[in-house]
Amino acid sequence: MSVQVLIKNQTAKQPEINAAKVLKFCVFKDTELVVGDQAQLKLPDIYSKELSIGIEVVQMERAEDLDTKYIWNEMEKNNGDFDLTKKFCDEKFPNKYHLEEYNGKVVCFIANGKPHRID
């Protein structure tokens, strides 16, 4: 089933379009929704044509997912060096990550039992 929403401008991002479609289908069936914020008018990502509804779309991430971004950045910065990355993890996230090493490089790190493999 196709749900129609009005895309107002080029600022509309795919997650906002998807959210607007779900909202239109599930909640605002009889309301024409506009997607794409209008910063100059201080309008949110999704709003009703008559401006009685306004929704800002945000992305949520789990804390451990944010942590892994820091670890990936650190590994890239030091070219995957195991000792430097382990030192970083031990200082920044004590007892939270287990790193595995092969030939001086990080080949895997595990947070809360979930592996993050480099390959």
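Heads up: the structure comes first, above all this text.
Residues numbered from 1 in each chain as written. Predicted model: local features only at pLDDT ≥ 70, side-chain atom pairs only at ≥ 80, totals over all residues. Heavy atoms only, no water.

Engineer: Just checking my understanding: could you explain the overall build of the chain for this structure?
Structural biologist: Secondary structure assignment for the chain yields three helices and seven strands. N-terminal to C-terminal, the α/β element order of the chain is β-α-β-β-β-α-α-β-β-β. Within the chain, the proportion of its 119 residues that are buried is 34%. Within the chain, contacts between residues separated by at least 24 positions form 35% of all contacts whose residues are at least 6 apart in sequence. Accessible surface, the chain as shown: approximately 8300 Å² in total, 53% of it carbon and sulfur. (Helix = DSSP H or I, 4+ residues; strand = E, 2+ residues; numbered from the N terminus. Buried < 20%, exposed > 50% of the residue type's maximum accessible area, 1.4 Å probe, protein only. Contact = heavy atoms within 4.5 Å. Areas by Shrake-Rupley, 256 points an atom, 1.4 Å probe, with all protein chains shown as cover.)

Engineer: Looking at this structure, how should I read the sheet that holds strand S1 (residues 6-7)?
Structural biologist: As a general point, the strands of a sheet are linked pairwise by backbone hydrogen bonds and lie either parallel or antiparallel. An order of S1-S2-S3-S4 is seen for the four strands of this open sheet, with the pairing classed as mixed. Two strands lie at the open edges of the sheet, namely S1 and strand S4 (54-55), each paired on one side alone. In this structure, strand S2 (residues 33-35) lies alongside strand S3 (residues 46-48), joined through three bridges in antiparallel fashion. Counted as the bridge partner of Val35 is Ile46 from S3. Across the face of the sheet, helix H1 (residues 14-26) comes into contact with S1, S2, S3 and S4 while running at roughly 170° to S2. (Pairing = 2+ DSSP bridges. Axes fitted to C-alpha atoms, helices over the stretch in contact; angles between N-to-C directions.)

Engineer: Got a minute to help me understand unusual backbone geometry in this structure?
Structural biologist: Trans is the prevailing form of peptide bonds, just as negative phi is the prevailing case for residues other than glycine. Not every positive phi belongs to a glycine, and Lys42 is a case in point at roughly 60°. By relative accessible area, Lys42 is classed as exposed at 77%. Phi is positive for Leu51, which is not a glycine, with a value near 65°. Classification of Leu51 by relative accessible area gives exposed; the value is 54%.

Engineer: What is the right way to read helix H3 (residues 82-92) from this model?
Structural biologist: Owing to its 3.6 residues per turn, the α-helix brings residues three or four apart onto one side. Taken residue by residue, H3 has Phe82, Thr85, Phe88 and Cys89 as its buried positions. The buried side chains of H3 occupy one side of the element, clustering within an arc of 135° when seen end-on. The exposed set on the far side of H3, more than 90 degrees from its buried face, consists of Asp83, Lys87 and Glu91. With a side-chain oxygen positioned 3.1 Å from the backbone nitrogen of Asp83, the residue opening H3 is Asp81. (Arc of directions from axis to C-beta. Polar contact = N/O pair within 3.5 Å; in protein donor to acceptor, adjacent residues only side chain to side chain.)

Engineer: How should the environment of Ile7 be read in this particular structure?
Structural biologist: With respect to the secondary-structure elements, Ile7 resides in strand S1. Spatially, the C-alpha atom of Ile7 lies 8.3 Å from that of Leu33, the residues being 26 residues apart in sequence.

Engineer: Just checking my understanding: could you explain the packing of aromatic side chains for this structure?
Structural biologist: To describe a pair of aromatic rings, you give the distance between the ring centres and the angle between the ring planes. Enumeration over the complete set of coordinates arrives at two aromatic pairs. The interplanar angle of 75° and the centroid separation of 6.3 Å between the aromatic rings of Phe88 and Phe93 together place this pair among those described as edge-to-face. As far as burial versus exposure is concerned, Phe88 and Phe93 are alike and both buried. Seen in terms of ring centroids, Phe93 and Tyr97 are 5.6 Å apart; in terms of plane orientation they differ by 70°. Their pairing is edge-to-face. Owing to a relative accessible area of 10%, Tyr97 belongs among the buried residues under this scheme. Directly above the ring of Phe25 sits Lys29, whose terminal nitrogen or CZ lies 5.3 Å from the centroid. (Phe/Tyr/Trp six-rings, centres within 6.5 Å; stacked < 30°, edge-to-face > 60°. Lys NZ or Arg CZ within 6 Å of the ring centre and 35° of its normal.)

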